[in-house]
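# Commentary on secondary and tertiary structure
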Amino acid sequence: MNISSVSRLALALAFGVTLTACSSTPPDQRPSTQGAPGTTSRPILSAAEAKNFVQSRYFTTMDANAAPWSPSAITTPAKPDYVVGPAGTEGVTHTTIQAAVDAVIARHSDRRMYIAVLPGEYPGTVYIPAAPGSVTLYGTGDNAADVKIGLAIDSEIDPNSWRRLVNPGGKYMPGKPAWYMFDSCQSKRSATVGVMCSAVVWSQNNGLQLQNLTIENNLGDSVDAGNHQAVALRSDGDQVQINKVNILGRQNTFFVTNSGVQNRLQNDRITRTLVTNSYLEGDVDIVSGRGAVVFDNTDFRVVNSRTQQEGYVFAPATQSNLFFGFLATNSRFNAAGDGVAQLGRSLDVDSSTNGQVVIRDSVINDGFNTAKPWADAAISKRPFSGNTGAKDDKGEIQRNLNDTNFNRMWEYNNRGVGSYVVAEPKQ
């Protein structure tokens, strides 16, 4: 055998070994194949463009001179202000979470107050009002599942039925801190209470911190997948932190808004939220609403036990004049079903809405529609159209990432079977 033959044989063997190694590596561990500009169905950011979409940019304010919010990790004290648990247990100050919240707010303190919750199930709603000081609510169990806050609330029930469900025994009464929240819903004259009043946990507290617990709207599969929003957690506050929390439901599981005490969306307020090390589950518009939310190291799960027809992770209602809506980084997306789920859609609540979301440096597994990962807008039915821009003389992509003629839903450097960019036929 001559030298050239040996070289060819060695090269062939090495190439075969390389192919075998690549094929045995799970898709979510292989390098990303996503490249800018992507397609009109799946627009992809370039590395230069992606530099704009990081936590600090999402946590800016409407005041250009103000520094971005830079949250620190949640810490809990050796001795909390209040402890919730079974009656007679040593150290317990309240047997319901709402009673502890009421006690905190009634103190009118401007310092952070801590409520520890012992392991157990706590049925019913929890309303955390706006207040001078912030509230930290945390479970003391080994896992988030050890503390469960849950109730089945359907946005389609009438106000009278909602009142009986949410307020047994006069839980919310005039003079109590959360009365204004309850009253804004129970006084509705509409046929149904709507999504804004369907939350199990509803907070208007700036600086709220939630840690190590589970919040569930357990309406589950008892209704079809039509207009039955069933919010687990609704947050209207600014500078909110959520860590190691399971947020479970079906439609509109986590609903973030910029509402004030009047209980409606606003055009002059930004609310900022950081979600870390958490788990969110649902089927339609799992994360929805108006606000700047960053998800880091978080798991999203689209279930399809109600429907095989649709499933969406994100539904941002970002105003067109604001550049930052939802950001998911270092996270994981999973979906049941065969290519039904989509990553999201704009929630067009009015003509000034153009939802904004970026998913980057994350794993998108199978179950998602790779040919059409982003859906047409909710309410307006505006067809999805991604901006792929045009190349300049240097071959660099030029595009306005906030062009109102296009959607603002982007990806960068994602991995996994569900991240593949499907080529579109040339027009």
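Residues numbered from 1 in each chain as written. Predicted model: local features only at pLDDT ≥ 70, side-chain atom pairs only at ≥ 80, totals over all residues. Heavy atoms only, no water.

This part is about the overall build of the chain. Of the regular secondary structure elements, the chain holds 6 helices and 25 strands. Taking 427 residues into account, the globule formula puts the C-alpha radius of gyration at 22 Å, and the chain, at 24 Å, falls close to it. Considering only contacts in the chain between residues 6 or more positions apart, those separated by 24 or more positions represent 75%. About 18,500 Å² of surface is accessible on the chain, with carbon and sulfur atoms providing 51% of the total. (Helix = DSSP H or I, 4+ residues; strand = E, 2+ residues; numbered from the N terminus. Rg over C-alpha atoms; globule rule 2.2 N^0.38 Å. Contact = heavy atoms within 4.5 Å. Areas by Shrake-Rupley, 256 points an atom, 1.4 Å probe, with all protein chains shown as cover.)

A separate point is the sheet that holds strand β7 (residues 201-203). Taking strand neighbours across the sheet as the criterion, the 7 strands line up as β4-β7-β9-β11-β14-β17-β20 in an open arrangement whose pairing is parallel. Single-partner strands in this sheet number two, and they are β4 (126-128) and β20 (342-344). Across the sheet, the mean angle separating the axes of adjacent strands is 15° when strand polarity is ignored. Sheet topology places strand β17 (residues 312-316) next to β20; 2 bridges connect them, and they run parallel. Each bridged residue has a counterpart across the sheet, and for Phe314 the counterpart in β20 is Gly344. (Pairing = 2+ DSSP bridges. Axes fitted to C-alpha atoms, helices over the stretch in contact; angles between N-to-C directions.)

Turning next to the pattern of salt bridges. Opposite charge on two side chains permits pairing when their charged atoms draw close. In this structure the tally under the stated criterion is 12 salt bridges. Measuring nitrogen to oxygen at the nearest pair gives 2.5 Å for the salt bridge that ties Arg42 to Glu411. Separated by 369 residues along the polypeptide, Arg42 in the loop between α1 (3-24) and α2 (47-50) and Glu411 in strand β25 (residues 408-412) bring together distant segments of the chain. As far as the burial class goes, Arg42 and Glu411 line up, both buried. Salt-bridge contacts for Asp299 lead to Arg332; the nearest nitrogen and oxygen are separated by 2.8 Å. Here Arg332 lies in strand β19 (residues 332-335) and Asp299 lies in strand β16 (residues 299-302), a separation of 33 residues in the sequence. Taking the relative accessible area as the measure of exposure, Arg332 reaches 24% and is therefore partly exposed. (Salt bridge = Lys/Arg side-chain N within 4 Å of Asp/Glu carboxyl O. Buried < 20%, exposed > 50% of the residue type's maximum accessible area, 1.4 Å probe, protein only.)

Bringing the state of the cysteines into the picture now. With the rule as written, the count across this model stands at 1 disulfide. Two residues share a disulfide in this structure: Cys185 and Cys197, whose sulfurs sit 2.0 Å from each other. Disulfide Cys185 to Cys197: torsion about the S-S bond roughly -85°, handedness left-handed. One end of the pair, Cys185, is in helix α6 (residues 179-186); the other, Cys197, is in the loop between α6 and β7, with 12 residues separating them in the sequence. Grouping residues by exposure puts Cys185 and Cys197 together as buried. (Disulfide = S-S within 2.5 Å.)

Another aspect to go through is the pairing of strand β12 (residues 272-276). Here β12 lies mainly inside the structure; 5 of its 5 residues are buried. What you see with β12 is no split at all: Arg272, Leu274 and Thr276 on one side and Thr273 and Val275 on the other are buried throughout. Pairing analysis gives 4 bridges linking strand β10 (residues 240-248) to β12, with the strands arranged parallel. Across the sheet, Asn243 pairs through a bridge with Thr276, a residue of β12. In the sheet, β12 pairs with strand β15 (residues 292-296) via 5 bridges, with the strands oriented parallel. Looking across to β15, one finds that Thr276 is bridged to Asp296.

As a further point, take the nonpolar core. Side chains that are nonpolar tend, in soluble globular proteins, to be buried together. Within the largest apolar cluster, 72 residues are counted, with the highest numbers of intra-cluster contacts made by Phe254, Phe295, Phe314 and Phe333. Considering every element that reaches this core, the biggest residue donor is helix α4 (residues 97-106), with 6 residues. With residues near it in sequence (within four places) discarded, Phe314 still touches Val287, Phe295, Phe300, Phe326, Ala328, Phe333, Leu343, Gly344, Arg345, Val357 and Ile359. If you look at the next biggest cluster of nonpolar residues, it comprises 14 residues, including Leu45, Tyr58, Trp69 and Leu327. (Core = buried A, V, L, I, M, F, W, Y, C linked by side-chain atoms within 4.5 Å.)

Vacant regions in the atomic arrangement are exposed by a probe of water-molecule size rolled over the atoms. Reported here for the largest pocket is a volume of approximately 410 Å³. Lining the largest pocket are 22 residues, with Gln229, Asn252, Asp285, Leu347 and Ile379 positioned closest to its centre. In terms of residue class, the lining of the largest pocket is made up of 10 nonpolar, 7 polar and 5 charged. (1 Å grid on protein atoms, 1.4 Å probe; cavity = no way out; pocket = protein on both sides within 12 Å on 5 of 7 lines; lining within 4 Å. Points joined across faces, edges and corners; volume = space filled by probe spheres on them. Nonpolar A, V, L, I, M, F, W, Y, C, P; charged D, E, K, R; others polar.)

Here we take up the side chain of Arg42. For Arg42, a relative accessible area of 1% corresponds to the buried category. Looking at Arg42, its side chain comes within polar contact range of the main-chain oxygen of Gly418, at 2.8 Å. At a separation of 3.0 Å, a polar atom in the side chain of Arg42 contacts the main-chain carbonyl oxygen of Tyr420. (Polar contact = N/O pair within 3.5 Å; in protein donor to acceptor, adjacent residues only side chain to side chain.)

What follows deals with the packing of aromatic side chains. A complete count under the given rule lists 16 aromatic pairs for this structure. Pairing Trp162 with Phe182 gives two aromatic rings, centres 5.2 Å apart and planes at 20°, and the pair type is stacked. You can see Trp162 sitting in helix α5 (residues 159-166) and its partner Phe182 sitting in helix α6, a full 20 residues away along the chain. The pair Trp162 / Phe182 is uniform in exposure class, with both members buried. Aromatic pair Phe295 and Phe300: ring centres 5.2 Å apart, planes at 70°, arrangement edge-to-face. We note that Phe295, like Phe300, is buried. Among the aromatic residues, ring-to-ring pairing joins Tyr127, Trp162, Tyr172, Trp179, Phe182 and Trp202 into one connected group. (Phe/Tyr/Trp six-rings, centres within 6.5 Å; stacked < 30°, edge-to-face > 60°.)

Moving on, we come to the packing of α5 against α6. A packed helix pair is summarised by two numbers, namely the angle formed by the two axes and the spacing between the axes. Two numbers describe how α5 lies on α6: the axes approach to 9 Å, and their chain directions differ by 150°. By the angle between their axes, α5 is roughly antiparallel relative to α6. Every residue of α6 that contacts α5 at Pro159, Trp162, Arg163 and Val166 is listed here: Phe182, Cys185 and Gln186. Grouping the amino acids of the contact of α5 with α6 by side-chain chemistry returns 5 nonpolar, 1 polar and 1 charged. (Parallel < 35°, antiparallel > 145°, perpendicular 65-115°, else oblique.)

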